[in-house]
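So you can see what is in the structure, the chains are spelled out below.
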Amino acid sequence: QVQLVESGGGLVQAGGSMRLSCAVSGRSLANYAMGWFRQAPGKERERVCAISRSGGTTEYADSVKGRFTISRDNAKNTMFLQMNTLKDEDTAVYYCAATDAPWWSVPGPGDFKYWGLGTQVTVSS
């Protein structure tokens, strides 16, 4: 069974940057397509971005395009989310997620099977 643990959340000023990490254990990260999701109070969970097993295919929500970058280091079993130019509306609990998928494929938002417990990101203006 794969375990996912997020880290790197906290409080940041609007316009600032933050990097989240997702450490994977139990199985090799290379086995999974990965994604970052977030849920703000009173809102539904949304997929922020996702990356294929190869790392060569990525997808982003329109709200974060050009500001967020997802990446992965299969050798270190860790996935990352670099967040720049943060806005108040980025405040949420951020979750990493994993699922089985073909090498180049990015799964849809509803296809992720494994989840971390989340890390809080708070952007203050």
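This is a predicted model, so every value here is computed, not measured. (Residues numbered from 1 in each chain as written. Predicted model: local features only at pLDDT ≥ 70, side-chain atom pairs only at ≥ 80, totals over all residues. Heavy atoms only, no water.)

S.K.: How would you explain the pattern of salt bridges if you had to name every residue and give the values?
M.R.: Counted under the stated rule, the structure contains six salt bridges. The shortest N-O distance in the salt bridge between E46 and R38 comes to 2.6 Å. According to the relative accessible area criterion, R38 is buried, its value standing at 5%. Taking the shortest distance from any N to any O, the salt bridge between K113 and D100 comes out at 3.3 Å. Residue K113 is found in the loop between β9 (92–100) and β10 (114–115), and its partner D100 is found in strand β9; the two are separated by 13 residues along the sequence. Overlapping salt bridges bring together R38, E46, R67 and D90 as one network. (Salt bridge = Lys/Arg side-chain N within 4 Å of Asp/Glu carboxyl O. Buried < 20%, exposed > 50% of the residue type's maximum accessible area, 1.4 Å probe, protein only. Helix = DSSP H or I, 4+ residues; strand = E, 2+ residues; numbered from the N terminus.)

S.K.: Account for the state of the cysteines, naming residues and giving values.
M.R.: Taken as a whole and judged by the stated rule, the model has one disulfide. With its sulfur 2.1 Å from that of its partner, C22 forms a disulfide with C96. Given an S-S torsion of about 55°, the disulfide between C22 and C96 has right-handed geometry. With C22 in strand β3 (residues 18–25) and C96 in strand β9, this residue pair connects regions lying 74 residues apart in the sequence. Neither C22 nor C96 differs from the other in exposure class; each is buried. Take C49: it sits in no disulfide, and the sulfur closest to it among the cysteines is that of C96, at 11 Å. Residue classification places C49 among the buried residues on the basis of a relative accessible area of 0%. (Disulfide = S-S within 2.5 Å.)

S.K.: With reference to specific residues and values, describe the sheet that holds strand β7 (residues 68–73).
M.R.: Strands belonging to one sheet form pairs held by backbone hydrogen bonds; the direction of such a pair is parallel or antiparallel. With antiparallel pairing, the four strands of this open sheet are ordered in space as β1-β3-β8-β7. Only two strands of the sheet have a single partner each, and these edge strands are β1 (3–7) and β7. Ignoring strand direction, the axes of neighbouring strands in this sheet form an average angle of 15°. The pairing of β1 with β3 spans five bridges and is classified as antiparallel. Across the sheet, residue Q3 finds its bridge partner in β3, namely S25. (Pairing = 2+ DSSP bridges. Axes fitted to C-alpha atoms, helices over the stretch in contact; angles between N-to-C directions.)

S.K.: With reference to specific residues and values, describe the nonpolar core.
M.R.: If you look at the biggest cluster of nonpolar residues, it comprises 30 residues, and the most contacted ones within it are L4, M34, W36, M83 and Y94. Looking at this core, the elements with two or more residues in it are β3, β4 (32–39), β5 (46–51), β7, β8 (78–83), β9 and β11 (119–124). If you look at the next biggest cluster of nonpolar residues, it comprises six residues, including A50, Y95, A97 and V106. (Core = buried A, V, L, I, M, F, W, Y, C linked by side-chain atoms within 4.5 Å.)

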